[in-house]
Amino acid sequence: MADGRDTGDTRLAVIAGLVMIAIYAAQFVAARFSLREHLTATDMASLRFAGAGAVFLPIVWRRGLATMKALGWRRGLTLAALAGLPYPLIINWGLTHAPAAHAAALCPASIVFFSFLLSLFRESASRRRIIGVVTIIAGLLLFIAPARTGASDVLFGDLLFIGSGAMFSTYAVLVQRWRVDPVTATASVVLLSCLPLPLLYVFAPSGLHAAAGAEIASQIVIQGLLAGAAAMFLYTYIVDRLGSQAASLFLPGVPVATVMVGMVVLGETPLAIQCVAIAIMAAGMGYSAMGRRSTRESLAVSTSAGS
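All figures in this text were calculated on a predicted structure; none of them were measured in a lab. (Residues numbered from 1 in each chain as written. Predicted model: local features only at pLDDT ≥ 70, side-chain atom pairs only at ≥ 80, totals over all residues. Heavy atoms only, no water.)

1. Description of the overall build of the protein
Right, on to step 1. Within the protein one finds 14 helices and zero strands.
Right, on to step 2. Each of the 307 residues in the protein was classed as buried or not, and the buried ones make up 46%.
Right, on to step 3. Excluding contacts between residues fewer than 6 apart, the proportion of contacts in the protein whose partners are at least 24 apart in sequence is 91%.
Right, on to step 4. Accessible surface for the protein amounts to roughly 14500 Å². Of this, 69% is attributable to carbon and sulfur atoms. (Helix = DSSP H or I, 4+ residues; strand = E, 2+ residues; numbered from the N terminus. Buried < 20%, exposed > 50% of the residue type's maximum accessible area, 1.4 Å probe, protein only. Contact = heavy atoms within 4.5 Å. Areas by Shrake-Rupley, 256 points an atom, 1.4 Å probe, with all protein chains shown as cover.)

Right under this line is the structure:
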C-alpha cells in the first residue's frame, strides 16, 4: 500500500513538474514581449502578485490565518524575501539587460546548481547525481553561448538571473527543512509580497498608462495566476514530495519549452548548437533521475530485508 501511494505521489509530482515547465516558458515569452513594449520590471512584478493575491486571499480567508500564524512572521518574511516580490523584480530587471533566452537558461541552471550545493550540507551526493548535474549545467551554458555578445549590460543581466536562482533554491531548502505545506508557503509569500504594492504604484516608474487593457489583463493571468500562484504552488508541491534537489531537476526543461514557445509566438528558431544543448540537458536530467530511482529502490530492498 505504501509503495502504491509513493508511486502515485511521484507520478503526480512529475505531472506537476511538466505543467510548471509550460507555465514558466509562457511567463518568459510574455514578459519579454511586454517589457519590450510598454511595461516596466516593477509593473510586471506588481501584476504578478496582484493576480496571485486575488487567488490566495480567498483561500487564506476560508482556511483561516492559523496556519500562517503557525509559520511565524520571521519564517514567513524570510520565504517572502527569497521567493516573493524581490525575486521577480530581479528577473525582470535582468530581462531589461539580457535576452529572454538567457533568463530561461540561467535561472533554472543556477537553481539546479545551488540546490545541489545546498544539498551537500545534508547528505552526500552520488557519483551519478554529480555527473547528471554537471551535464545539465554544461548543456545550459552551451545553450546560451551563441547569444553571448560580451556587452556589460548582458553580463549584468546574467548575474541577476544567477542571483535569482540562488534565492529560489534557498527558499526550496527552507520550505523542506521547516516542513511547510505548499499552500501555506505559497500563500504566505504571495500575501506578504502584496503589502508593498501600493508603495510601488505610487513611487516606482510605470508604463501601465501606455499599455492596452488586454495586455495588462493577460499579464495578470500569466504572471499572477499562473506563474505567481500556480507554478509556485506546483514547485513547492514537488519539493514536498520529492525534495528540493530532485525538484530542481525539472527546471532545465524551462529553456527547452521556452524555445518551443518562442518559435511559435515570437518566430525565433534555435540554432543547431542549441538543439545539441537541449539534448545534453535532457540526458543529464534522465541520468540524475535514474540515480534517484535506483537509490529509492535500494532503500526499499534494504527496508524489506530488515523487516
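2. With respect to the nonpolar core
Soluble, globular proteins show a tendency: their nonpolar side chains are buried together.
Right, on to step 1. Formed by 69 residues in total, the largest nonpolar core has its most connected members in M20, L79, L95, F161, F168, Y171 and Y235.
Right, on to step 2. Leaving out residues up to four positions away in the same chain, F161 has contacts with I91, G94, L95, A98, P99, H102, A103, L106, C107 and S110.
Right, on to step 3. With twelve residues, the next largest nonpolar core counts V60, A187, V190 and L197 among its residues. (Core = buried A, V, L, I, M, F, W, Y, C linked by side-chain atoms within 4.5 Å.)

3. Observations concerning unusual backbone geometry
Right, on to step 1. Phi at R179 takes a positive value of approximately 55°, unusual for a residue other than glycine.
Right, on to step 2. With respect to the secondary-structure elements, R179 resides in the loop between α8 (152-178) and α9 (182-194).

4. With respect to helix α5 (residues 86-95)
Right, on to step 1. Taken together, the buried positions of α5 are occupied by Y87, P88, I91, N92, G94 and L95. Taken end-on, α5 shows its buried residues confined to a sector of 155°, consistent with a single buried face. (Arc of directions from axis to C-beta.)

5. Remarks on a nonpolar patch on the surface
Right, on to step 1. Residues V55, V221, L225 and L226 make up a contiguous nonpolar surface patch of about 250 Å² in total accessible area.
Right, on to step 2. If you trace the backbone, V221 turns up in helix α11 (residues 213-242).
Right, on to step 3. Judged by relative accessible area, which is 38%, V221 ranks as partly exposed. (Patch = residues over 30% accessible without salt bridge, like charges linked within 9 Å, V, L, I, M, F, W, Y side chains within 5 Å. Salt bridge = Lys/Arg side-chain N within 4 Å of Asp/Glu carboxyl O.)

6. Observations concerning the packing of helix α6 (residues 100-119) against helix α7 (residues 127-144)
Any two packed helices are characterised by the angle at which their axes cross and by the distance between the axes.
Right, on to step 1. One can describe the packing of α6 onto α7 by two numbers: an axis separation of 9 Å at closest approach and a directional angle of 160°. Here α6 is positioned roughly antiparallel relative to α7, judged by the angle of their axes. In the packing of α6 onto α7, the handedness of the crossing is left-handed. Contacts between α6 and α7 involve A101, H102, A105, L106, A109, V112, F113 and F116 on the former and, on the latter, R129, I130, V133, I136, I137, L140, F143 and I144.
Right, on to step 2. Within the contact of α6 with α7, the residues separate by chemical class into 14 nonpolar, one polar and one charged. (Axes fitted to C-alpha atoms, helices over the stretch in contact; angles between N-to-C directions. Parallel < 35°, antiparallel > 145°, perpendicular 65-115°, else oblique. Left-handed = near helix turned anticlockwise from the far one by under 90°. Nonpolar A, V, L, I, M, F, W, Y, C, P; charged D, E, K, R; others polar.)

7. Brief notes about the packing of aromatic side chains
Right, on to step 1. Using the criterion set out here, one finds six aromatic pairs in the structure.
Right, on to step 2. Centre to centre, the rings of F168 and Y235 are 5.0 Å apart; their planes meet at 55°, and the pair counts as tilted. In this pair, F168 sits in helix α8 while Y235 sits in helix α11, placing the two residues 67 residues apart along the sequence. We note that F168, like Y235, is buried.
Right, on to step 3. Three or more aromatic residues joined by ring pairs form one cluster here, namely Y87, F168, Y171 and Y235.
Right, on to step 4. The residue whose ring lies beneath R48 is F49, and the NZ or CZ to ring-centre distance is 5.7 Å. (Phe/Tyr/Trp six-rings, centres within 6.5 Å; stacked < 30°, edge-to-face > 60°. Lys NZ or Arg CZ within 6 Å of the ring centre and 35° of its normal.)

8. Focus on the confidence of the model for the protein
Right, on to step 1. Across the protein, pLDDT averages 80, with 88% of residues at or above 70.
Right, on to step 2. Mean pLDDT across the elements of the protein ranges from a minimum in helix α14 (residues 272-306), with 60, to a maximum in helix α4 (residues 73-83), with 93. (pLDDT = per-residue confidence, 0-100.)

9. As for the pattern of salt bridges
Right, on to step 1. Counted according to the given criterion, the structure contains one salt bridge.
Right, on to step 2. In this structure, R241 engages D240 in a salt bridge whose closest nitrogen and oxygen atoms are separated by 2.3 Å.

10. Section: the environment of L174
Right, on to step 1. Looking at the element boundaries, L174 is found in helix α8.
Right, on to step 2. Here L174 falls in the buried class, since its relative accessible area comes to 13%.
Right, on to step 3. Those residues in contact with L174 that sit more than four places away from it in its chain are T78, L79 and L82.

11. As for empty space enclosed by the protein
Right, on to step 1. In the structure shown here, the tally under the stated rule is two cavities of 30 Å³ or more.
Right, on to step 2. Taken together, 13 residues form the lining of the largest cavity, with Y24, F28, Y87, C107 and I111 sitting closest to its centre.
Right, on to step 3. When residues of the lining of the largest cavity are traced back to their parent elements, those giving at least two are α1 (2-37), α5 and α6.
Right, on to step 4. When grouped by side-chain class, the residues that make up the lining of the largest cavity number eleven nonpolar, one polar and one charged. (1 Å grid on protein atoms, 1.4 Å probe; cavity = no way out; pocket = protein on both sides within 12 Å on 5 of 7 lines; lining within 4 Å. Points joined across faces, edges and corners; volume = space filled by probe spheres on them.)

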